[in-house]
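Commentary on secondary and tertiary structure
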Amino acid sequence: MNLHHMNYHDEYARWQGDPEAFWRTAAAAVDWHHRPQVICDQTRPPFVRWFAGGTLNACYNAVDRHVETGHGDQTALIHVSAMTRAERQFSYLELQHEVAQLAGALQKFGVQQGDLVVIYMPMIPEAVFAMLACARLGAMHSVVFGGFAAPELAARIDDAKPVLVLSASCGLEPGRVIDYKALLDRALTLTRHTPRATLILQRPQLDVPLQAGRDHDWQQVVAAAKPADCVPIEATAPLYVLYTSGTTGKPKGIVRDTGGYLVALDWSMQYVYDARPGEVFFAASDIGWVVGHSYIVYGPLVHRCTTVMYEGKPVGTPDAAAYWRIVANHKVRTLFTAPTAIRAIRREDPHGTQLRQHDVSSLRALFLAGERADPDTVSWAGQQLQLPVIDHWWQTETGWPMVANCLGIEQLPIKPGSPAKAVPGFAIHVVDESGKQVGPGEQGALVAKLPLPPGSLPTLWNNDEQFVASYLTAYPGYYHTGDGGYIDADGYVYVMGRTDDVINIAGHRLSTGELEQALAGHAAVAECAVIGVADELKGTVPVGLVVLKAGVSDTHASLTAQLIDRVRDEVGAVASFKRCLVVARLPKTRSGKFCAPPCGPLPTAATTPCQQRSRIRQYWQKSRRR
Ligand code: COA
Ligand code: AMP
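Residues numbered from 1 in each chain as written. Chains lettered and ligands numbered in written order. Predicted model: local features only at pLDDT ≥ 70, side-chain atom pairs only at ≥ 80, totals over all residues. Heavy atoms only, no water.

Taken together, 24 residues surround ligand 1, and among them Glu 173, Arg 176, Lys 313, Arg 568 and Lys 578 come closest. The separation between a nitrogen atom of ligand 1 and a polar main-chain atom of Gly 146 is 3.3 Å. One of the side-chain N or O atoms of Tyr 180 is found 3.2 Å from a nitrogen atom in ligand 1. Contact with the protein chains covers 83% of the free accessible surface of ligand 1, which is 930 Å². Of all the secondary-structure elements, those providing two or more residues to the shell around ligand 1 are strand 10 (176-179) and helix 12 (339-348). A per-class count over the shell around ligand 1 returns 11 nonpolar, seven polar and six charged. Taken together, domain 1 (8-312 + 392-470) and domain 2 (506-625) each give at least three residues to the shell around ligand 1, which thus spans both. (Near = heavy atom within 4 Å. Polar contact = N/O pair within 3.5 Å; in protein donor to acceptor, adjacent residues only side chain to side chain. Areas by Shrake-Rupley, 256 points an atom, 1.4 Å probe, with all protein chains shown as cover. Helix = DSSP H or I, 4+ residues; strand = E, 2+ residues; numbered from the N terminus. Nonpolar A, V, L, I, M, F, W, Y, C, P; charged D, E, K, R; others polar. Domains from an automatic or database assignment.)

Now for the sheet that holds strand 16 (residues 280-283). With mixed pairing, the seven strands of this open sheet are ordered in space as 5-4-17-16-18-19-20. Only two strands of the sheet have a single neighbouring strand rather than two, namely strand 5 (86-91) and strand 20 (389-391). With direction set aside, neighbouring strand axes in the sheet form an average angle of 20°. Where strand 16 and strand 18 (residues 332-337) come together, four bridges link them in parallel fashion. Note that in strand 18 the partner of Val 280 across the bridge is Val 332. (Pairing = 2+ DSSP bridges. Axes fitted to C-alpha atoms, helices over the stretch in contact; angles between N-to-C directions.)

This next bit is on helix 12. The element helix 12 is largely enclosed, with a buried count of seven among its 10 residues. Within the span of helix 12, buried status applies to Pro 339, Thr 340, Ala 341, Ile 342, Arg 343, Ala 344 and Ile 345. Packing partners of the buried residues in helix 12 comprise helix 11 (322-330), strand 18, strand 19 (365-368), helix 13 (375-385) and strand 30 (539-548). (Buried < 20%, exposed > 50% of the residue type's maximum accessible area, 1.4 Å probe, protein only. Contact = heavy atoms within 4.5 Å.)

Around ligand 2, a shell composed of 15 residues is seen, among which Asp 391, His 392, Thr 396, Asp 483 and Arg 509 lie nearest. One nitrogen or oxygen atom from the side chain of Thr 396 is found 2.5 Å from an oxygen atom belonging to ligand 2. Asn 504 places a side-chain nitrogen or oxygen 3.0 Å from an oxygen atom of ligand 2. A total of 500 Å² of accessible area belongs to ligand 2 in isolation, and the protein chains cover 94% of it. Here the residues of the shell around ligand 2 sort into four nonpolar, five polar and six charged.

So, about the sheet that holds strand 29 (residues 525-535). In space, the three strands of this open sheet follow the order 29-30-31, with mixed pairing throughout. Strands with a single pairing partner mark the edges of an open sheet, and in this sheet they are strand 29 and strand 31 (579-582). Strand after strand, the sheet turns through a mean of 25° between neighbouring axes, direction not considered. Sheet topology note: the strand 29/strand 30 ladder contains 10 bridges and is antiparallel. Directly across from Val 525, in strand 30, lies its bridge partner Leu 548. Here helix 16 (residues 556-570) sits on the sheet in contact with strand 29, strand 30 and strand 31, set at roughly 135° to strand 31.

All right, on to the domain arrangement of the protein then. It is common to give the size of an interface as the accessible area that goes away when the parts come together. According to the domain assignment, the protein consists of domain 1 (8-312 + 392-470) and domain 2 (506-625). For domain 1 and domain 2, the distance between their C-alpha centres works out to 33 Å. Listed per partner, the contact involves 19 residues of domain 1 and 14 residues of domain 2. Linking domain 1 to domain 2 there are two salt bridges. Among the salt bridges present, the one from Arg 509 reaches Glu 397, with a minimum N-O distance of 2.9 Å. Where domain 1 packs against domain 2, one counts six residue pairs in polar contact (both at pLDDT 80 or more). (Salt bridge = Lys/Arg side-chain N within 4 Å of Asp/Glu carboxyl O.)

Glancing now at the nonpolar core. Trp 23, Leu 132, Tyr 298 and Ile 428 are the most contacted members of the largest nonpolar core, which has 128 residues in total. Among the elements that make up this core, the one with the highest residue count is helix 5 (residues 125-137) (10 residues). In contact with Tyr 298, other than residues within four places in its own chain, are Ala 58, Met 131, Leu 132, Ala 135, His 141, Leu 239, Tyr 240, Tyr 261, Leu 265 and His 293. Membership of the second largest hydrophobic core comes to 45 residues, among which are Val 144, Val 165, Ile 178 and Tyr 180. (Core = buried A, V, L, I, M, F, W, Y, C linked by side-chain atoms within 4.5 Å.)

The following block contains the structure:
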């Protein structure tokens, strides 16, 4: 219900007319230790610092202030595990206690403001306590998704240089228990950097051996700790570093500032998601991804919602009604997931029979992001739920939505296939190769006019240079999103896909370079390429093409099985790398770029990696048909 009869056009214009005034007003929703003197500090271009001079604490804003204002009894976190068939709930007061105790334990290991802690954990409440405990002390966290293999974890540890690593004995996937501790142990044999210690939470499903002197039992150290208080920190200080796949094999450490992020998240909770304090918000994602950081943890808690954390899958644990059951049991008001999850549910329950067995009348809307939402999936979900299905577009880098149908301002007509219009804070344009804006309906690169709003990445971890090179150089004056698409005559944005070597597998972002590195490390492989091909369920899945070294006599079948295992061990199961083909040659130019298929020259030279990949894809499709 829109009490003030706001409309999108006026709100967007209000931001455009005076961005600083807009964000100054928004900043009042957050509790400051010291109010910021400057709203947008651009004295060191191209770097931007939001709310410079202000100090605050993210954990205080997410937890303590709600207890202080009399909401200690409100449920803060509901953990639903389809894997253990158990549920746990924590009020804001209980959450404060858990987080303060854990922060006290971290302090005993010397963790202090400015330190970094790596968190490699499954979807359990302790992972949220860990993030908030770091924030409480002004330490940064870097959460590594549990589906990544040991070498990926090692690469992140080496780049982030954590003082501590927090982990658990295991994660639970359908039909198997994943020994996280064994993965961590292996990662620590691969790293150059050695953390001071590790804290391991023993889950009942798996008890793991601890290495004396290095590994510590989580529960014991927490029980022995004294609670720690919130430390005021600079608004511009990093809250966390979150690694994401870029165009190279090396992940990029996205830095998140504290003040700007909290202000932007709180604003988005109200105006994008139309969520009110006290409501139940369920983002079915993982804390290892940006969606988990922004809309399982910080967004809902800062806005004093009840957040739902789900350990399980949308289907098969036990059925396609897993989400609907949670919605019904906990009166979820807002549900957010990836289109892949809806496609999986649709496949199992095409007529919504299982859905109708649950009372989902508490739902206001379904939000989708993480990958392109195909019109068919959006329409199906809309028909089944009889609710607005809101596609919205954003990235790890931006931290919150760039383009959305802002339900808390005004619900715009839904055009399936488009996430609707630019969110106040973002000026989105389509540009051609020379950086010139193109007309309505014309395809090009999607860019955002600088400066980016609060909450968007201020830089890359210890790498200002790469930040400028990756995002600010291709199109001067704009932030380069890496996505391509067009804007129609009504201002609706259409995001068609990445223009670089990033691929999106079931809403999980991976780089083909990362996968190629794993293949190239095999002794029999002379050359390789990984491309994304369309998949009905996961949107895109990777396919490997490898050329063997001369004289390799292995049968192709056993070799490709080895290569598939290798990607799983080096990158992780999450890559869903299940198809690999041995080919005689890769399509390449004389200068060594992949592009010209051996079946004949290409009409024009492929210049961008994306074009190169599309040529390979065409080649692959042709060679399959033969
Ligand atoms: N720890 C360890 N392994 C993990 C993992 C984790 N946290 N998450 C996933 N994996 C493993 C899975 O067990 C699976 O292994 P397998 O190949 O041995 O079966 C592999 O990684 C791929 O996982 P997933 O992408 O979950 O695929 P799936 O085939 O098991 O399930 C879907 C298919 C559609 C149910 C699933 O992809 C899904 O829920 N997608 C929605 C994704 C989403 O919410 N993304 C968040 C972005 S907003
Ligand atoms: P991540 O950083 O993991 O959130 O992945 C971000 C990328 O996912 C974007 O650059 C897009 O390529 C893709 N993406 C996210 N949301 C959408 C969406 N709503 N529509 C199309 N692509 C999306």
